[in-house]
Each structure stands twice: as C-alpha cells, then as structure tokens.
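# Structure assessment
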Amino acid sequence: MDTPPSLFGPRLAPASGRAPKALVVLLHGVGADGQDLIGLAPHWARYLPEAEFLAPDGPEPCDMAPFGRQWFSLQDRTPAVMEAGLRAAAPIVNGFLDQALTERGLTDADLALVGFSQGTMTSLYTALRRPRPCAAVVGYSGALLGAQTLARDIVSRPPVLLVHGEDDGVVPFAAMTAASQALRGAGVEVETLARPGLGHGIDPEGLVAGLDMLRRHLPQAIGGAA
C-alpha cells in the first residue's frame, strides 16, 4: 500500500510562548493554500494563547488553476465523484492530524478543525469519521458531502458551527441548512450563523463566532487568560 503524502504548511506558535495545550488546524479552500487561512490565526491567538495553529497545504496541485492546492478535484461536481475524492483525502488529513497530535503529546480532545469552502467539506468528512471526536469543527462557506451515508458512516460527533454568507455565489447558502439538518439527524450538535449580504468569504462577525466556539470547546487553549 502506498504511503499517503505528508502535508506541510505555515504555523503560528502559541502566544504564551509555552508548549501547546491545544491545536487548531485550518483547512483552506480549493485553489488556495495554507497561507490563505493562517491569516485567521493572529485574530484568535491572543484569546487562545495556549493554542498552536497549523494550516497545511492541500495534497494536490489545483487542477483548475495554475496555482494553489486542493484537497480533491472539483472538475466533476457529481456528488458521488466528490465524495470519492474526500474518501481519498481523508487518510492524508488523518495522518497529518495524528502525527501533529502525537508530536505534541495531545489528543483529539485538544484538537479543533476550522475549514473554509472545500476545507469545510474536508473537515466535516474527516472529523465525523475519526475514531475519537475532536473538540469542535468550525466550517465557513462549506457543505456536507456524503449526507446520504452519514448515518451509516458516522463514528464521532464533535460539536459543529457552520457560518455562511446569504449571498454566496460559489457554495449556495442553502448548503448550510442542508448540512445542519443532516448533522442534527445524525445526532451532531450544530450551531449555525447566517451572514446577510456576505458572499463567499469570512467577515468579522464570523470570526467572532468562530472564536467563541473555540473558546467554549477548547478551554485548555485559554489557560489563565481573561
């Protein structure tokens, strides 16, 4: 069996200057890379001083642009084809997460996944199928793939926050409602935040909501901070 490729990307060390007590992994959208989402980390780091932030690059070059990375191809957007791409990507992501946690002496209870667009799809698919639940998943402008088989496939039920712009022209706003209904039907605790007037992006209100989710479910990342 071929060894899954290793993932690399930018990181931000804990603001405390100490060894991390929590890990926040940011998964970018198609055609971007880890540099795109590591920009969120400074906004959150001062409030999560014991957390380390990692933003790995996707395992494949983007096949729809001459730059950027992807977690799986979106050239064929048939649900079954996209889900097959996620099944192939999940072991790569899991390998990265397992190694990162082991190296830091942490567990899934110390881990949160944050995704944007295709990174949200990848975060949800991976987190729900990991042997042990992570602390939380925050998904921006994404969708849930594999909803039809979720009841059969689900292993872990971490709490999930979904944030989506009502004017998203890339991933339809309706994807948030569909995802939240399917997740709740599978016994997952879900919070949603609709952002009027927002397109395919993350706004300040979404950043605040994401931080609140992380602070509630990763208290070890706060440490002694106020």
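Residues numbered from 1 in each chain as written. Predicted model: local features only at pLDDT ≥ 70, side-chain atom pairs only at ≥ 80, totals over all residues. Heavy atoms only, no water.

### Let's talk about the environment of Ser 123
Position of Ser 123 relative to the elements: it lies in helix 4 (residues 118-127). Since its relative accessible area comes to 0%, Ser 123 is described here as buried. Measuring from C-alpha to C-alpha, the distance between Ser 123 and His 28 comes to 9.9 Å, with 95 residues separating the pair along the chain. Setting aside chain neighbours within four positions, we find Ser 123 in contact with Leu 27, Leu 113, Val 114, Gly 115 and Val 137. Within the structure, Ser 123 has its side chain in polar contact with the backbone oxygen of Gly 119 (distance 2.7 Å). (Helix = DSSP H or I, 4+ residues; strand = E, 2+ residues; numbered from the N terminus. Buried < 20%, exposed > 50% of the residue type's maximum accessible area, 1.4 Å probe, protein only. Contact = heavy atoms within 4.5 Å. Polar contact = N/O pair within 3.5 Å; in protein donor to acceptor, adjacent residues only side chain to side chain.)

### So, the packing of aromatic side chains
For the coordinates displayed, the defined rule picks out zero aromatic pairs. The ring of Tyr 125 has Arg 129 sitting right over it, with the charged end atom 3.7 Å from the ring centre. (Phe/Tyr/Trp six-rings, centres within 6.5 Å; stacked < 30°, edge-to-face > 60°. Lys NZ or Arg CZ within 6 Å of the ring centre and 35° of its normal.)

### Digging into the packing of helix 3 (residues 79-104) against helix 4
The contact between helix 3 and helix 4 brings their axes to 9 Å, and the two run at 75 degrees. Taken together, the axes of helix 3 and helix 4 are roughly perpendicular relative to one another. Of helix 4, the residues touching helix 3 (which contributes Glu 83, Leu 86, Arg 87, Ala 90, Val 93, Asn 94 and Leu 97) are Met 121, Thr 122, Tyr 125 and Thr 126. (Axes fitted to C-alpha atoms, helices over the stretch in contact; angles between N-to-C directions. Parallel < 35°, antiparallel > 145°, perpendicular 65-115°, else oblique.)

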